[in-house]
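Listed below, chain by chain, are the residues.
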Amino acid sequence: MDALKRQAAARALEEVRSGMKLGLGTGSTAKHFVDLLGEKVRAGLKVVGVPTSEATRAQAEACGVPLTTLDDVDHLDLTIDGADEINPALDLIKGGGGALLREKIVANASDRMIVIADETKWVERLGRFPLPVEVIPFGLAATQRAMTEAFAKAGVSGQMVLRKAGAGDGHVFVTDGGHWIIDVRLGEIEDPPRLAGLLSAIPGVVEHGLFIGLGSTAILAGAQGIRVIQRP
Ligand SMILES: O=C[C@H](O)[C@H](O)[C@H](O)COP(=O)(O)O
């Protein structure tokens with residue numbers, strides 16, 4: 001699986017040109033991309049990147065990829081990032097690694113977003129992967145009640161699970177922005193854009209993992225080779 005992720009990352013690197021301002025994604029697939037980009041930079045490629053997490057920032061710095069911020073550039077040419085699920089409209093579920101907020105800000109500031117993944121991320125309908133929803137700790141119960149109403153309006157339901165940190169000591173997972181994440185296994189989401197709008201309207205929801213209309217191209221690596229899919 002890791003070899004497939006690297007293949008998708010290598011194919012995405014072919015889209016990078018000297019002088020580009022890049023959004024750098026987060027996760028195990030994006031990590032391959034940053035690694036390969038670092039090799040190119042050390043060989044003379046001139047790019048700057050905006051990392052979507054502190055983890056990616058640290059990796060990019062270690063690889064020698066020059067970094068900037070969205071305050072210092074007026075737009076990004078291209079963002080390359082992974083995903084937890086991708087449907088044929090190139091709508092995505094993201095945030096399995098907890099980086100969805102910065103990832104969405106960066107993708108939205110980009111002219112194009114290339115999604116890199118192994119074939120297992122491709123689904124007819126989004127929703128098998130638990131949807132991450134980033135919330136403000138204040139008023140959590142009220143936010144969850146509003147989320148339940150939003151799910152009902154969108155015709156879905158699922159148990160809400162407050163994400164815990166990986167250490168197994170019971171501590172709540174805290175995002176780079178200081179927020180919490182609620183994961184909700186919804187099953188098939190009939191209308192992802194509608195659910196996205198309903199969740200975005202809830203005051204305690206900072207952001208959610210539905211990326212609608214942001215993915216331009218998906219590069220999927222599987223046993224049969226690489227598929228490049230453009231947003232319809
Ligand atoms: O917050 C994490 C990101 O949205 C990742 O891009 C996503 O979870 C996919 O990660 P991976 O490439 O490790 O499957």
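Keep in mind the model is a prediction, meaning the values are calculated, not measured. Along every chain, residues carry numbers that run from 1 in the direction the sequence is written. Totals for whole chains, interfaces and linings use all residues, but because this is a predicted model, local features are given only for residues with pLDDT of at least 70 and pairs of side-chain atoms are given and counted only at 80 or more. Only hydrogens and water are removed before side-chain values are computed, so all heavy atoms of the structure are retained for them.

**Student:** A description of the packing of aromatic side chains should follow, citing residues and the corresponding values.
**Tutor:** A pair of Phe, Tyr and Trp rings is counted when the ring centres sit within 6.5 Å of each other, with Trp represented by its six-membered ring. The angle between the planes then sorts it: under 30 degrees is stacked, over 60 is edge-to-face, the rest tilted. For the coordinates displayed, the defined rule picks out 0 aromatic pairs. Lysine NZ or arginine CZ positioned within 6 Å of the ring centre and within 35 degrees of the ring normal marks a charge as sitting over the ring. A cation over an aromatic ring shows up here: Lys94 above the ring of Phe211, its NZ or CZ 5.7 Å from the ring centre. Directly above the aromatic system of Phe173 lies the positively charged group of Arg163, at a separation of 5.5 Å from the ring centroid.

**Student:** Now, about the nonpolar core: what can you tell me, with residues and values included?
**Tutor:** The term nonpolar core refers to a set of buried residues drawn from Ala, Val, Leu, Ile, Met, Phe, Trp, Tyr and Cys, joined through side-chain atoms within 4.5 Å. Three exposure classes are used, based on accessible area relative to the maximum for each residue type with a 1.4 Å probe and protein chains only: buried under 20%, partly exposed in between, and exposed over 50%. By size, the foremost hydrophobic cluster in this structure holds 25 residues, and its most contacted members are Val16, Leu22, Phe33, Leu37, Ile80 and Ile116. Listed by contribution, the elements that provide at least two residues to this core are helix H1 (2–13), strand E1 (21–24), helix H2 (28–42), helix H3 (54–63), strand E3 (76–81), strand E6 (110–118) and strand E12 (217–222). Of all hydrophobic cores here, the second largest spans 24 residues; its members include Leu140, Ala196, Leu198 and Val205. Secondary structure elements are defined from DSSP: runs of H or I of at least 4 residues count as helices, runs of E of at least 2 residues count as strands, and each element is numbered from the N terminus.

**Student:** Which residues make up the site of the ligand, and what values do they have?
**Tutor:** We call a residue near a molecule or strand whenever a single non-hydrogen atom of that residue lies within 4 Å of it. Close to the ligand lie 16 residues; Ser28, Thr29, Asp84, Glu103 and Lys121 are nearest. Pairs of N or O atoms within 3.5 Å make up the polar contacts considered here, provided that, within protein, one atom can donate a hydrogen while the other can accept it, and that residues adjacent in sequence are counted only when both atoms are side-chain atoms. Within the backbone of Gly96, one N or O atom sits 3.3 Å away from an oxygen atom of the ligand. Ala99 places a polar main-chain atom, nitrogen or oxygen, 2.9 Å from an oxygen atom of the ligand. For the ligand, the accessible surface in isolation is 370 Å², of which the surrounding protein chains cover 91%. To be clear on the numbers: accessible area is Shrake-Rupley with a 1.4 Å probe, and residue cover counts the displayed protein chains and nothing else.

**Student:** Can you explain the UniProt feature "active site" (unreviewed entry) in the chain? Please cite residues and give values.
**Tutor:** Mapped onto this numbering, the UniProt entry annotates "active site" (unreviewed entry) at Glu103. The topology assignment puts Glu103 in helix H4 (residues 100–108). Contacts are assigned to residue pairs with any non-hydrogen atoms lying within 4.5 Å of each other. Once you skip the residues sitting within four places of it in the chain, Glu103 turns out to touch Thr26, Thr52, Asp81, Lys94, Gly95 and Phe211. UniProt positions are given in the numbering used here, feature names are shortened, and annotations may be inferred rather than shown by experiment.

**Student:** So, the domain arrangement of the chain: which residues are in play, and what are the values?
**Tutor:** What the domain assignment lists for the chain is domain 1 (2–123 + 212–230) and domain 2 (131–205). A straight line from the C-alpha centre of domain 1 to that of domain 2 covers 24 Å. Taken together, the 13 residues of domain 1 in the interface contact 13 residues of domain 2. A simple way to read buried area is as the amount of 1.4 Å-probe accessible surface that goes missing from two parts once joined, with both sides added. Ranking the residues of domain 1 by area buried against domain 2 places Ile93, Leu100 and Ile212 at the top, with a combined share of 39%. Should a side-chain nitrogen of Lys or Arg be within 4 Å of a carboxyl oxygen of Asp or Glu, the pair is scored as a salt bridge. Our count for the contact surface shared by domain 1 and domain 2 stands at 0 salt bridges. Scanning the region where domain 1 abuts domain 2 turns up 4 residue pairs in polar contact (both at pLDDT 80 or more). These domain limits were set by an automatic method or by a database of domain assignments.

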